[in-house]
Amino acid sequence: MACNISKYELRLVKVEGRRYEGSAIVSTPKDAAQHIENVFDMSHQPEEIMVLLTLNTKNRVTGAFEVSRGTLNSSLVHPREVYKRALMNNAAGIIIAHNHPSGDLTPSKPDIETTKRLKEAGEILGVDLLDHLILGDKRYLSFREQGLM
């Protein structure tokens, strides 16, 4: 008896490429926050957005992705959606970030739980979660700097 088997291939498609001032190397959370703000204009978004920077072994930014777009005060994020993008871009490490449109940078319990879950998934996959940033009103909070990861 014959059966049908579908053959697929995965492709990463560049949506846009622009030049930005500064180095493509991320050395500090401030560097990451500036890259994210430049690419995604997070301070002016009306709803929560989760984004991802992929980095190579030298912490050079290799890609920027929007992972999810939510509501005024929440955004659903699953490790599968984050790491799918990271693996397709051969990332050695990632930095995730989301905005708080209210401007209050205090991490919520779901923010902390999501970070823990993403860190654990990254350890299994061999892709380091280097930091999680919350952005709002041209300011940021780094989970790494705050000892939250």
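In what follows, the accompanying structure is described.

Thresholds, definitions, all that
- Each chain carries its own residue numbering, running from 1 in the written order of its sequence.
- Thresholds applied to this predicted model are a pLDDT of at least 70 for local features of residues and 80 or more for the giving and counting of side-chain atom pairs; totals over whole chains, interfaces and linings are not thresholded and use all residues.
- The side-chain figures draw on all heavy atoms in the structure; neither hydrogens nor water molecules are used.
- By convention a nonpolar core is built from buried Ala, Val, Leu, Ile, Met, Phe, Trp, Tyr and Cys residues, the set being connected through side-chain atoms within 4.5 Å.
- Burial classes: relative accessible area under 20% of the type maximum marks a residue as buried, over 50% as exposed, and values in between as partly exposed (1.4 Å probe, protein chains only).
- We count a stretch as a helix when DSSP gives it H or I for four or more residues in a row; a strand needs E for two or more, and each element gets its number in order from the N terminus.
- Residues are treated as being in contact if the distance between any of their heavy atoms lies within 4.5 Å.
- Salt bridges are counted wherever a side-chain nitrogen of Lys or Arg sits within 4 Å of a carboxyl oxygen of Asp or Glu.
- By definition, two strands form a pair when at least two bridges between them are found by DSSP.
- It is the directions from the helix axis to the C-beta atoms whose arc is reported.
- A fitted line through C-alpha atoms serves as each axis, taken over the contacting stretch for helices, and the angle formed by two N-to-C directions is quoted from 0 to 180°.
- Orientation is classified from the angle alone, with under 35 degrees giving roughly parallel, over 145 giving roughly antiparallel, 65 to 115 giving roughly perpendicular, and any other angle giving oblique.
- Left-handed describes a crossing in which the near helix is turned anticlockwise from the far one by less than a right angle; the clockwise case is right-handed.
- Lys, Arg, Asp and Glu make up the charged group, whereas Ala, Val, Leu, Ile, Met, Phe, Trp, Tyr, Cys and Pro make up the nonpolar group; the residues left over, Gly among them, are polar.

**Let's talk about the nonpolar core**
Ranked by size, the top nonpolar core spans 15 residues in total, and within it Leu52, Val82, Tyr83, Ile94, Ile96 and Leu118 carry the most contacts. Of all the secondary-structure elements, those providing two or more residues to this core are strand E1 (49–55), strand E2 (61–69), helix H2 (79–88), strand E3 (93–99) and helix H3 (109–125). When residues in this core are grouped by element, the largest group, three residues, is from H2. Non-local contacts of isoleucine 94, meaning those with residues more than four positions away in its chain, are made with Leu52, Leu53, Thr54, Leu55, Val82, Tyr83, Ala86, Val127, Asp128, Leu129, Leu130 and Asp131. Grouped together as the second largest cluster of nonpolar side chains are 14 residues, Ile36, Met42, Leu55 and Leu133 included.

**As for the pattern of salt bridges**
Throughout the structure, instances matching the rule amount to eight salt bridges. A salt bridge links arginine 69 to glutamate 47; the shortest N-O distance between them is 2.4 Å. Of this pair, arginine 69 sits in strand E2 while glutamate 47 sits in the loop between helix H1 (29–40) and E1, and the two are 22 residues apart along the sequence. Here glutamate 81 and lysine 84 are joined by a salt bridge, their closest N and O atoms 3.2 Å apart. Taken together, the residues glutamate 81 and lysine 84, both in helix H2 and three residues apart, mark about one turn of the helix. The structure contains a network of salt bridges with shared partners spanning Arg80, Glu81, Lys84 and Arg85.

**So, the pairing of E2**
Judged from the seven bridges that link them, E1 and E2 form a sheet pairing that is antiparallel. Bridge pairing in E2 places methionine 50 opposite serine 68. Linking E1 back to E2 in an antiparallel pair, the connection comprises five residues, with asparagine 59 at a positive phi of about 60 degrees.

**Some words on H2**
By the burial criterion, the buried members of H2 are Pro79, Val82, Tyr83, Arg85 and Ala86. Taken around the axis of H2, the buried residues stretch over an arc of 155 degrees, which confines them to a single face. Buried residues along H2 sit in contact with E1, E2, E3, H3 and strand E4 (128–136). One or two residues past the end of H2 sits asparagine 90, with phi positive at roughly 50 degrees.

**Concerning the packing of H2 against H3**
Between two packed helices, the angle of one axis relative to the other and the distance separating the axes together describe the packing. Look at H2 against H3: their axes get within 10 Å of each other, and the N-to-C directions meet at 40 degrees. When the axis of H2 is compared with that of H3, the two are oblique. Classified by chirality, the crossing of H3 by H2 is right-handed. Where H2 approaches H3, its residues Pro79, Val82, Tyr83 and Leu87 are matched on the opposing element by Arg117, Leu118, Ala121, Gly122 and Leu125. The class makeup of the residues in the contact of H2 with H3 is seven nonpolar, one polar and one charged.

By themselves these figures say nothing about function.
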